[in-house]
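# Summary of structural features
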Amino acid sequence: MLLTFRGGVDAGNKSEFLSGSVINTIGAGETLVLPVPFGCTPVVEAGERVLAGQVVAVSDNEYGASLSSAVSGTVVKATASRITIENDGENTLCDRLEADDPITLLRDAGVTDRFGFSAAQKVANAPALYIISCVEDQPYMVNVQALLSCRADEFIGGIKLLEKISENAHIVICTTPDLSEYASKISEALMEDERVQFLTVSGKYPQSWPHILKRTVTTEESCEVIGTEELCNIYRVFKTRMPVTEKIVTLSGDCMRRAEVFSVPYGTCVSTLIKAGTSFKREPLKVVKGSVMNGDAIYNMRSPIDRTVSSVLTLFDHQHRYAGESHCISCGRCDNVCPEGLSPGSIIKAYKLNDTATLSRLSVSSCTLCGCCSFICPARVNLPLILRSAQLMGE
Amino acid sequence: MKKHKKLLLVSASPHLKTAQATSWIMFNVLIALLPSFVASCYFFGRRALFITLISVSFSLGFEYLSRLMMGKLPTVSDLSCVVTGVIIAFCLPVTVPVWLVAVANFFAIVIVKQCFGGIGLNIVNPAAAALSLLMVSFTASMTKFIAPLLGFAQIIPEDATVVTTALSQLKASGQTPQNLFNIFMGNTAGNIGETSSFLLLIGGVYLIVRRISNWRIPVSFIGTVAIISLVKSFDFTFMLTQLFSGTLFLAAFFMAVDPVTSPQSQSGKVVFGVICGVATCYIRFFGTYTEGAVFAVLIANLVTPVIDSLLPVKYKGVRTVEKKKLSDFLPKRRKAQ
Ligand code: SF4
Ligand code: SF4
């Protein structure tokens, strides 16, 4: 049975990870630029020497996680927003993580999901239910597919570990129909396991967002969503006792013949990743850091990849351009696809009239800026842009 | 990979948009109008084709030129002006002089649509407004109906006599037509594209099935006309003549459903349809004009802001399709076993 939620858009599957492909590794470049995650403070200073795996920024609250350097070298610059590290090429490793307590271990290792939330905190919440998100809901992105095909053993190991850490918790593994091939392999391995259950959820965007996935699967309050990569990382940390310093990134888009997946050290710049790509067929007009539905179009190719960047897309198609934006024709399509039950069409009208009373009546603050409305809009109105302004006006 | 010499394009997300743009919607409306168009060429001969094509050319030309003069980006490619052109032609008698077609399109495109800011900003349906103007100002030309010619190559004979439509007969003498089936299929005197209620119904249903137009407006519009006619006469033939003759189906399925000029909320759409229906019946039964559907749409368009403020769109809130409690996960019997 296919579980789903109300709203959302079917953005189509535009790229495939060829089975038999591998997750390529990219070596760290000369310099790494680590953006300090939101809510974190750098703990190194310019001129200081760091080892590979050494913590360079710690989180101020329990929801974030600390950040480690991927290489050994010298800190060139450390500001509140960025840490620049010169790679000495020696890759001297720091000491292994000693902590016995799994939560401390995960926290020290900086395991997070793709939104930057700490896995340690999720485990510490001791949920009654873990939802493992193996959901691919956007075109071009193939991270989950690649992980399930190349790192299935780590995935299964991660499940077993979670069961060990949280003794009473149940685990639900959610997959989309197009990943069923991989899911069946994993379910064979976990056949005997009484606490693991498999569910198939729709591949509609934004199915992979944790709050949407929770809403789709259960009404249980005490539940935590763990991503595929996050789970593999949990397993790796327990096995190697080294912090996470690499991110799985899909390099894809309509300028490439097929999707390629890389394991990229934190702080590598986008241009390094693009240079590593082998299946380009034309020059991109637009480079997007992040996913096609809510990533950022970048103009500076030296922009670094951090733990929230799951894909880098090189886009060409004219469809991606602004052309044809007109005034809203009130067609109501955006109202039908909003997963939060909002009426974006009416919100933008109220915004243009500076009508804050109507804005709050329409609950503009519940907009998650997912972009479904903008995707579906026939008049090509750029709704999230206006919705964000409307949110600020409503506050 | 070569180095990027060109500057990269930057824009806000999402970076992918549906292929179903405004032009796709309008193209589907044109497809929905196609059966009636083919039938009209059969019923009224070559001149029906000529009038429709000339009307579309005028609307395209006026749209392009007015955008050019205002220094705005061209919007011809969204095809909305083509739809307007076709609908205007469909509501004209086949004997209409060409200059009148030009006047109608000028008024619709330049005055009603572009002067208010173009697509999405017009307060009334351009076609409905232009046709109302013509009906009020050039009543004689607008009511010169001829009997169907039946043949694609037919030209209007010199001695063609002006006949009355089933609706005006009904109004003048209370005499219901002999052959209701002919009227339903379109083999009757009337405007170019409006005679075949059957084919317009097919087109309208196509749009509703493809979720391009909302069923609430046509259903409540036609339903209201049906109920009022039935209550007035207690006669089914009378009611069906009211439904199948005249511009009702064209107005209900192609003018009233225009989302720009109809209310946003679902309940508002029903009220809108009812207002259209009541106004149509009022004009048909008590007014001097025999046909009121186009006027009715125009009137309802103007009431739309009031309906919108009385029946505003509400925050729907989150609703899940399926809810599972933790206990649903507890009994561990996997189906595969
Ligand atoms: S961006 Fe906001 S309004 Fe638009 S679909 Fe997403 S949640 Fe709804
Ligand atoms: S989808 Fe676009 S055109 Fe349609 S109502 Fe929403 S904003 Fe307006």
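Every chain's residues receive numbers from 1 upward, in the order its sequence appears when written. Whichever chain is written first is A, and whichever ligand is written first is 1; the rest continue in order. Note on the predicted model: pLDDT of at least 70 is required for a residue's local features to be given, and 80 or more for side-chain atom pairs to be given and counted; whole-chain, interface and lining totals, by contrast, use all residues. Derived side-chain values reflect all non-hydrogen atoms in the structure, with water molecules and hydrogen atoms excluded from consideration.

## Remarks on the overall build of chain A
Note the cut-off: Secondary structure elements follow DSSP: runs of H or I of four or more residues count as helices, runs of E of two or more count as strands, with numbering from the N terminus. Burial classes follow relative accessibility: with a 1.4 Å probe on protein chains only, a residue under 20% of its type's maximum area counts as buried, one over 50% as exposed, and anything between as partly exposed. Contacts: residue pairs with any heavy atoms within 4.5 Å of one another. The Shrake-Rupley method, run with a 1.4 Å probe sphere, supplies the accessible areas, and residue values consider only the shown protein chains as cover.
When its secondary structure is counted, chain A shows 13 helices and 18 strands. With respect to the three principal axes, the spread of C-alpha positions in chain A is 60 × 50 × 45 Å. For chain A, the residues scored as buried account for 60% of the 395 residues in total. Long-range pairs, those at least 24 residues apart, make up 71% of the contacts in chain A between residues at least 6 apart in sequence. Total accessible area on chain A stands at roughly 15,300 Å², and carbon and sulfur atoms take up 50% of it.

## Some thoughts on the site of ligand 1
Going by this rule: Being near a molecule or strand, for a residue, means having at least one of its heavy atoms within 4 Å of it. We call Asp, Glu, Lys and Arg charged. Ala, Val, Leu, Ile, Met, Phe, Trp, Tyr, Cys and Pro are nonpolar, and the rest, Gly among them, are polar.
Near ligand 1 there are 13 residues, and of these Cys338(A), Cys367(A), Cys370(A), Gly371(A) and Cys373(A) occur at the shortest range. Along the lines of polarity and charge, the residues of the shell around ligand 1 split into 10 nonpolar, two polar and one charged.

## Let's talk about the domain arrangement of chain A
Residue and element names in this part refer to chain A. We count it as follows: Residue ranges assigned to each domain were obtained from an automatic or database domain assignment. Accessible area, probed at 1.4 Å, shrinks when two parts are joined; the buried area is that loss added up over both. Any Lys or Arg side-chain nitrogen found within 4 Å of a carboxyl oxygen on Asp or Glu counts as a salt bridge. In the analysis that follows, any N or O atom pair within 3.5 Å is treated as a polar contact, provided that within protein one partner can donate a hydrogen and the other can accept it, and provided that, for residues neighboring in sequence, both atoms belong to side chains.
For chain A, the domain assignment lists domain 1 (2–240), domain 2 (246–315) and domain 3 (333–394). Computed from C-alpha coordinates alone, the two centres of domain 1 and domain 2 are separated by 18 Å. Listed by partner, the interface residues are 45 residues for domain 1 and 33 residues for domain 2. Taking both sides of the interface into account, the surface hidden between domain 1 and domain 2 amounts to around 2,900 Å²; carbon and sulfur atoms contribute 60%. The largest per-residue losses of area from domain 1 upon contact with domain 2 belong to Ile 26, Tyr 140 and Glu 229, which jointly make up 23% of the total buried on that side. Between Lys 247 and Glu 229 there is a salt bridge, with its nearest N and O atoms 2.5 Å apart. If you look at where domain 1 meets domain 2, you find 14 residue pairs in polar contact (both at pLDDT 80 or more). Taken together, the elements giving at least two residues each to the side of domain 1 that touches domain 2 come down to strand 2 (24–25), strand 3 (31–35), strand 7 (67–68) and helix 3 (143–150). With five residues, the single largest contributor to the side of domain 1 that touches domain 2 is strand 3. Tallied by class, residues from the side of domain 1 that touches domain 2 come to 26 nonpolar, 13 polar and six charged.

## Side note on the packing of aromatic side chains
Residue and element names in this part refer to chain B. The test is simple: Only Phe, Tyr and Trp rings take part, Trp by its six-membered ring, and two of them pair if their centres are within 6.5 Å. Stacked means planes under 30 degrees apart, edge-to-face means over 60, and tilted covers everything else.
For the structure on display, the rule yields 13 aromatic pairs over all chains. With a centroid separation of 5.8 Å and an interplanar angle of 65°, the aromatic rings of Phe 249 and Phe 253 are classed as edge-to-face. Of this pair, Phe 249 and Phe 253 both sit in helix 12 (residues 248–255), four residues apart, which is roughly one turn of the helix. Residue classification places Phe 253 among the buried positions, given a relative accessible area of 6%. Through a chain of ring-to-ring contacts, three or more aromatic side chains come together here, namely Phe 184, Phe 198, Phe 244, Phe 249 and Phe 253.

## Thoughts on the interface of chain B and chain A
Listed as interface residues are 52 residues of chain B and, on the opposing side, 80 residues of chain A. Summing the contributions of chain B and of chain A, the shared interface buries around 5,900 Å²; its carbon and sulfur component is 56%. Summed over the shared surface of chain B and chain A, the number is zero salt bridges. At the junction of chain B and chain A, the tally comes to 14 residue pairs in polar contact (both at pLDDT 80 or more).

## Section: the pairing of strand 14 (residues 246–252) of chain A
Residue and element names in this part refer to chain A. Rules: Here, a strand pair is defined by DSSP locating no fewer than two bridges between the strands.
With respect to burial, strand 14 is a largely interior element, six of its seven residues being buried. Of the pairings in the sheet, the one linking strand 14 to strand 15 (residues 260–265) comprises six bridges and is antiparallel in character. What sits directly across from Thr 250, in strand 15, is Val 261. The pairing of strand 14 with strand 18 (residues 311–315) spans three bridges and is parallel. Counted as the bridge partner of Thr 250 is Ser 311 from strand 18.

## Here's the deal with helix 13 (residues 383–394) of chain A
Residue and element names in this part refer to chain A. Defined as follows: Each residue after the first adds 1.5 Å to the expected span of a helix. Relevant arc is that of directions from the helix axis to the C-beta atoms, nothing else.
Taking 1.5 Å per residue, 12 residues should reach 16 Å; helix 13 reaches 16 Å between its end C-alpha atoms and fits that length. Looking at helix 13, one finds that the buried residues are Leu 383, Pro 384, Ile 386, Leu 387, Ala 390 and Gln 391. Axial view of helix 13: buried residues confined to an arc of 155°, hence all on one face. The secondary structure elements touched by the buried residues of helix 13 are helix 9 (333–337), helix 10 (344–352), helix 11 (356–361) and helix 12 (372–376).

## Examining the sheet that holds strand 4 (residues 40–42) of chain A
Residues and elements named next belong to chain A. Pairing is antiparallel in the open sheet, where three strands are placed in the order 4-6-7. Either end of the sheet is taken by a strand with one partner, and the two such strands are strand 4 and strand 7. Bridge count for strand 4 against strand 6 (residues 55–59) is three bridges, and the pairing is antiparallel. Opposite Pro 42, over in strand 6, you have Ala 57 as the bridge partner.

## What to know about the site of ligand 2
Surrounding ligand 2, one finds Cys328(A), Ile329(A), Ser330(A), Cys331(A), Gly332(A), Cys334(A), Cys377(A), Pro378(A), Ala379(A) and Leu383(A). Taken together, the residues of the shell around ligand 2 break down into eight nonpolar, two polar and no charged.

## Comments concerning the pattern of salt bridges
Residue and element names in this part refer to chain A. This structure, assessed with the given rule, holds eight salt bridges over all chains. For Arg 49, the salt bridge goes to Asp 88, with nearest N and O atoms at 2.7 Å. Placement of the pair is Arg 49 in strand 5 (residues 49–50) and Asp 88 in the loop between strand 9 (82–87) and helix 1 (102–109), with a sequence separation of 39 residues. Relative accessible area serves as the criterion here: at 42%, Arg 49 is assigned to the partly exposed category. The structure contains a network of salt bridges with shared partners spanning Asp 113, Lys 122 and Glu 230.

## Some thoughts on the sheet that holds strand 10 (residues 129–134) of chain A
Residues and elements named next belong to chain A. Taken in spatial order, the five strands line up as 1-12-11-10-13 in an open sheet, and their pairing is parallel. Both edges of this open sheet fall to strand 1 (2–3) and strand 13 (223–227), since each of them pairs with a single strand only. When strand 1 meets strand 12 (residues 196–201), the two strands line up parallel, connected through two bridges. Following the sheet pairing, Leu 3 is matched in strand 12 by Val 201.

## Topic: the environment of Leu207(B)
Topologically, Leu207(B) is positioned in helix 9 (residues 197–209). Separated by 47 residues in sequence, Leu207(B) and Phe254(B) place their C-alpha atoms 9.3 Å apart.

## Topic: the packing of helix 4 (residues 152–165) of chain A against helix 7 (residues 228–240) of chain A
All names here are of chain A. Which entries qualify depends on this criterion: Under this scheme, a helix contributes an axis fitted over its contacting stretch, all axes are lines through C-alpha atoms, and angles between N-to-C directions fall in the 0 to 180 degree range. Working definition: roughly parallel below 35 degrees, roughly antiparallel above 145 degrees, roughly perpendicular at 65 to 115 degrees, and oblique for all remaining angles.
With their axes 8 Å apart at the nearest point, helix 4 and helix 7 run at an angle of 75° to one another. Comparing the axis directions of helix 4 and helix 7 gives the class roughly perpendicular. Here Glu 154, Phe 155, Gly 157, Gly 158, Ile 159, Leu 161, Leu 162 and Ile 165 of helix 4 lie close against helix 7, whose contacting residues are Thr 228, Leu 231, Cys 232, Ile 234, Tyr 235, Arg 236 and Phe 238. Among the residues making up the contact of helix 4 with helix 7, the classes are represented as 10 nonpolar, three polar and two charged.

## Re unusual backbone geometry
Here Tyr205(A) and Pro206(A) are connected by a cis peptide whose omega angle stands at -5°. Structurally, the position occupied by Pro206(A) is in the loop between strand 12 and helix 6 (210–217). Residue Ser13(B) is joined to Pro14(B) through a cis peptide bond whose omega torsion reads -5°. Among the secondary structure elements, Pro14(B) is positioned in the segment before helix 1 (22–44).

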